[in-house]
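Below are the chains, spelled out letter by letter.
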Amino acid sequence: MIGPKDQAIQEIKEVVKKRYAKRALDVMARPSADKPDSSADACCGTTYQAVDLAAIPGEAILASAGCGNPTALADLHPGEVVLDLGSGGGIDCFLASRAVGPKGRVLGVDMTPEMVELARSNARRIKATNVEFYLGHIEELPFDSNTVDVVISNCVVCLSPDKDAVFGEAFRVLRTGGRLHLSDMMLVGDLPDAVKRDPQKWAECVSGADQRETYVERLRAAGFQDVTIAQEQPYRQEPGLENLRSVHVIARKLD
């Protein structure tokens, strides 16, 4: 029997999936002439520089809904294996693929079939042979343990109603010495009750944001060490959302 908590989790997941499925479908239906070229920054604001977007498909740019650029601080090296949690249209995977080179490998996982379809189409378009996209949940990753060097994610962990499972899975797939780089949302105070109860606000990367202390403790409980929060800044200047922050989180699997 499914309890109230499980029902709430399922509702959140369905709202999130529906929102991002629509985003992917809207991008795929958009005429090519209306898609950004490599100099456009689409929804990402100043998150990515023009040089970052060179040769990135316009569809990947338009599908992006991130709050940072996790590859920028990840210090990726040739030959590494990178996993992107909630890879969307593939923008961060394609950026990572450049850094790890032909001997490296980039894995993207997303729970939205339409996003996976879009990402695979984008990979074929730019002939990204070292990038693979998988349909799956970040709370239950379809990958073997101890096989990944770097886990990245861009404003996706905050969408999950089971962050402990996300961090536990990230720790499991990382090799010893591996590192975690997350662009994500956090809280430094509270949200209005109406916002916290609104599943749509969860899908907008708002209601699911953890308190900073809770977020860090979840990572440590999963086994991560050297947890660092960088690039913290206010996300939206809107009434009721003053305590919302976009951050970059760094952590390591040392043993």
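Let me sum up the structure you'll find in this document. On a predicted model such as this, the values are computed, not experimentally measured, just so you know.

The next subject is unusual backbone geometry. A positive phi angle is found at Ala-55, which is not glycine, with a value near 70 degrees. Note on placement: Ala-55 falls in the loop between α1 (4-29) and α2 (58-63).

The subject of this paragraph is empty space enclosed by the protein. Inspection of every chain in the model, using the stated rule, returns 1 cavity of 30 Å³ or more. The calculated volume of the largest cavity comes to roughly 410 Å³. Taken together, 32 residues line the largest cavity, and the ones lying closest to its centre are Gly-86, Gly-88, Asp-110, Val-156 and Leu-159. Looking at the lining of the largest cavity, the elements with two or more residues in it are α1, α2, α4 (91-100) and β2 (105-110). Among the elements that make up the lining of the largest cavity, the one with the highest residue count is α1 (4 residues). Across the lining of the largest cavity, the residue classes break down as 15 nonpolar, 12 polar and 5 charged.

What counts and what doesn't
- Residues numbered from 1 in each chain as written.
- Predicted model: local features only at pLDDT ≥ 70, side-chain atom pairs only at ≥ 80, totals over all residues.
- Heavy atoms only, no water.
- Helix = DSSP H or I, 4+ residues; strand = E, 2+ residues; numbered from the N terminus.
- 1 Å grid on protein atoms, 1.4 Å probe; cavity = no way out; pocket = protein on both sides within 12 Å on 5 of 7 lines; lining within 4 Å.
- Points joined across faces, edges and corners; volume = space filled by probe spheres on them.
- Nonpolar A, V, L, I, M, F, W, Y, C, P; charged D, E, K, R; others polar.

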